[in-house]
Amino acid sequence: MKISARRSSYNASEATSEWRRGFKALAAASIAGGMGYSLFLNTAGLFLLPLQTEFGWSRTALSIGPIVGLVAALFAPIMGLFIDRIGVRPVAIYGMLASALLFAGFATMTPNAYIFYGIGALVALAAPLTSPGVFSKGVATWFRVHIGGALGISMSGVSLLFATITPLTAYIITQHGWRAGYWTLAGIAGLVALPMIVAGFREAPRGSLVAGDARAATGMQASDIFRDSRFWLLLLFFFVACVSIGGYLNQLIPLMVDRGYTLEKASLLASGYYISVGVSRVLIGFLLDRYRPTIVSAGAVALSAIGATLLLFTNHELGFAVALLSVSLIGLAHGAESDFIAFFILRFFGLRNYTLLFGIYGGLMTGGGFAIGGLVFAAFFDHFGNYRMAIGCTVVGFSIAVTLMLLIGMVDAVKWRRRS
């Protein structure tokens with residue numbers, strides 16, 4: 001079923017003008033959007049083994065990424081209300097500055113657990129300021145006809161960036177130590193991302209083609225949203241899917257090292273994972289604009305279930321290509337997840353409470369799910385000495401998520417029939 005109703009009031013030239021007017025904001029969001037909290041979250045696994053070697057702490061104790069993610073998730077809905085009122089540009093600027101300073105704090109910390117977790121707590125408080133919700137809302141004010149594609153592009157840049165940053169940071173850690181790795185991340189946030197945000201990232205002005213239409217001022221009231229069954233089903237979908245994704249997000253490199261790969265090869269597999277995430281975000285974004293969104297979503301998660309099943313039987317003896325295929329299939333769900341959040345919020349509930357809802361879905365459910373998944377993977381490793389049980393649980397989790405998304409599609413179809 002093609003989704004064409006929302007395009008009816010826009011001709012081809014107006015659709016083209018979206019890309020022209022929103023290009024600077026889209027470019028800034030695509031590149032700088034991944035250099036704050038996302039950069040911390042997606043590189044945390046690189047520092048786990050070096051810090052364990054130097055400090056002698058357990059893998060669970062050093063899994064700060066999931067812990068920070070869980071705390072950040074609790075603050076995300078509150079920060080969403082705040083961001084909806086003051087605008088995304090100042091929030092992104094101050095958030096990226098804070099990210100650079102906190103990376104520098106990690107680089108200079110002493111082997112003291114209180115300092116380690118204290119900096120982590122500050123990262124959690126600053127996380128919503130550079131979250132995907134901030135950057136995607138800025139992009140959403142410039143686009144309507146091609147909103148799925150624009151959101152996919154904005155979030156794919158983050159993943160493709162990590163495909164470069166991950167092996168670079170791994171090389172720096174291997175050659176110069178983990179402190180140099182954190183200094184590298186501080187430089188990326190402060191010297192690359194911050195100037196890009198200042199130069200190009202802003203919401204569309206009032207009265208423009210997109211920000212000035214009824215969509216910017218309307219949308220469901222929060223009280224109506226919380227009574228909508230689609231809200232609760234999406235809540236369950238994102239939590240279940242992201243618990244499954246979170247283990248790979250936080251433990252993929254240690255997992256592949258445990259399977260017999262070197263740190264360098266494991267980082268290359270992580271790069272393959274992030275390339276898959278990036279490709280998925282662009283591809284899924286455009287598919288969401290053209291076909292039934294719930295079928296597209298369920299299909300992407302089903303492929304990740306197949307990838308997790310393949311990973312159960314993957315080790316270095318089976319070769320690099322098999323491992324790359326498995327992590328790439330898993331990366332499809334991770335990539336599509338951000339597209340799903342932004343797209344379904346706009347499709348079901350409108351722009352009025354966008355950042356609040358992104359805080360709930362992208363922070364509380366997604367961030368909390370990522371955190372719990374990472375902690376479960378670490379705990380399973382500490383208990384069993386391997387990740388096989390954790391991987392098996394993700395196969396079940398992805399399968400449940402597919403079922404939930406198909407159910408959301410049926411509920412949405414009933415609501416559309418009632419309206420017509």
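Computed from a predicted structure; not experimentally measured. (Residues numbered from 1 in each chain as written. Predicted model: local features only at pLDDT ≥ 70, side-chain atom pairs only at ≥ 80, totals over all residues. Heavy atoms only, no water.)

Asker: Teacher, can you tell me more about the confidence of the model for the chain here?
Answerer: Interpretation of this model should avoid reading the predicted coordinates in detail wherever pLDDT is low. Per-residue confidence for the chain gives a mean pLDDT of 82; residues scoring 70 or more make up 89%. Here helix H9 (residues 214-217) is the element of the chain with the lowest mean pLDDT, 46, and helix H8 (residues 178-200) is the one with the highest, 94. With pLDDT under 50 throughout, residues 1-10 is counted as low confidence; its partners more than four residues away or in other chains account for 27 contacts. Low pLDDT (under 50) marks residues 211-217, which in the prediction has 18 contacts with non-local residues, meaning those over four places away or in another chain. (pLDDT = per-residue confidence, 0-100. Helix = DSSP H or I, 4+ residues; strand = E, 2+ residues; numbered from the N terminus. Contact = heavy atoms within 4.5 Å.)

Asker: Would you explain the environment of Tyr-248 in this entry?
Answerer: Along the chain, Tyr-248 falls in helix H11 (residues 229-258). Residue classification places Tyr-248 among the buried positions, given a relative accessible area of 2%. When the C-alpha positions of Tyr-248 and His-334 are compared, they lie 9.5 Å apart, and in sequence the two are 86 residues distant. Those residues in contact with Tyr-248 that lie beyond four places of it in its chain are Leu-255, Tyr-273, Ala-308, Leu-311, Ile-330, Phe-377, Ile-391, Thr-394 and Phe-398. (Buried < 20%, exposed > 50% of the residue type's maximum accessible area, 1.4 Å probe, protein only.)

Asker: Help me understand helix H5 (residues 113-126), please; the structure alone is not making it clear to me.
Answerer: One turn of an α-helix holds 3.6 residues; hence residues three or four places apart share an orientation. Its 14 residues place the ends of H5 20 Å apart at the C-alpha level, agreeing with the 20 Å of an ideal helix rising 1.5 Å per residue. Within H5, burial applies to Phe-116, Ile-119, Gly-120, Val-123, Ala-124 and Ala-126. The buried residues of H5 occupy an angular sector of 165° when projected down its axis, which confines them to one face. Where H5 starts, the residue carrying a side-chain oxygen 2.8 Å from the main-chain nitrogen of Tyr-114 turns out to be Asn-112. (Expected span 1.5 Å × (residues − 1). Arc of directions from axis to C-beta. Polar contact = N/O pair within 3.5 Å; in protein donor to acceptor, adjacent residues only side chain to side chain.)

Asker: Looking at this structure, I do not really get the packing of H11 against helix H14 (residues 320-349). What am I missing?
Answerer: Packed helix pairs are specified by the crossing angle of their axes together with the interaxial distance, meaning the distance between the axes. Two numbers describe how H11 lies on H14: the axes approach to 10 Å, and their chain directions differ by 150°. Viewed along their axes, H11 and H14 adopt a mutual orientation that is roughly antiparallel. At the point where H11 passes H14, the crossing takes the left-handed sense. Residues Arg-230, Phe-231, Leu-234, Phe-237, Phe-238, Cys-242, Ile-245, Tyr-248, Leu-249, Leu-252 and Met-256 of H11 lie in contact with H14, whose contacting residues are Ala-323, Val-327, Ile-330, Ala-333, His-334, Glu-337, Phe-340, Ile-341, Phe-344, Phe-348 and Phe-349. Taken together, the residues of the contact of H11 with H14 break down into 19 nonpolar, one polar and two charged. (Axes fitted to C-alpha atoms, helices over the stretch in contact; angles between N-to-C directions. Parallel < 35°, antiparallel > 145°, perpendicular 65-115°, else oblique. Left-handed = near helix turned anticlockwise from the far one by under 90°. Nonpolar A, V, L, I, M, F, W, Y, C, P; charged D, E, K, R; others polar.)

Asker: Just to check I follow, could you spell out the pattern of salt bridges for this structure?
Answerer: Where charged atoms from two side chains of opposite charge come close, those side chains can pair. One pass over the full model with this rule turns up four salt bridges. Between Asp-412 and Arg-230 there is a salt bridge; the shortest N-O distance is 2.9 Å. Taken together, the residues span a long stretch of sequence, with Asp-412 in helix H16 (residues 388-419) and Arg-230 in helix H11 at a distance of 182 residues. The same class applies to Asp-412 as to Arg-230, namely buried. As a salt-bridge pair, Asp-412 and Arg-347 come within 3.5 Å of each other at their nearest N and O atoms. Taken together, the residues Asp-412 in helix H16 and Arg-347 in helix H14 connect sequence positions 65 residues apart. Overall, the relative accessible area of 6% leaves Asp-412 in the buried class. The partly exposed category is assigned to Arg-347, whose relative accessible area is 23%. (Salt bridge = Lys/Arg side-chain N within 4 Å of Asp/Glu carboxyl O.)

Asker: Got a minute to help me understand the nonpolar core in this structure?
Answerer: As a rule of thumb, nonpolar side chains are buried together in soluble globular proteins. Formed by 132 residues in total, the largest nonpolar core has its most connected members in Tyr-248 and Phe-340. By residue number, the principal contributor to this core is H11, which donates 15 residues. Excluding its chain neighbours within four sequence positions, the residues that come into contact with Phe-340 are Phe-237, Phe-238, Ile-284, Leu-288, Ser-297, Ala-300 and Val-301. (Core = buried A, V, L, I, M, F, W, Y, C linked by side-chain atoms within 4.5 Å.)

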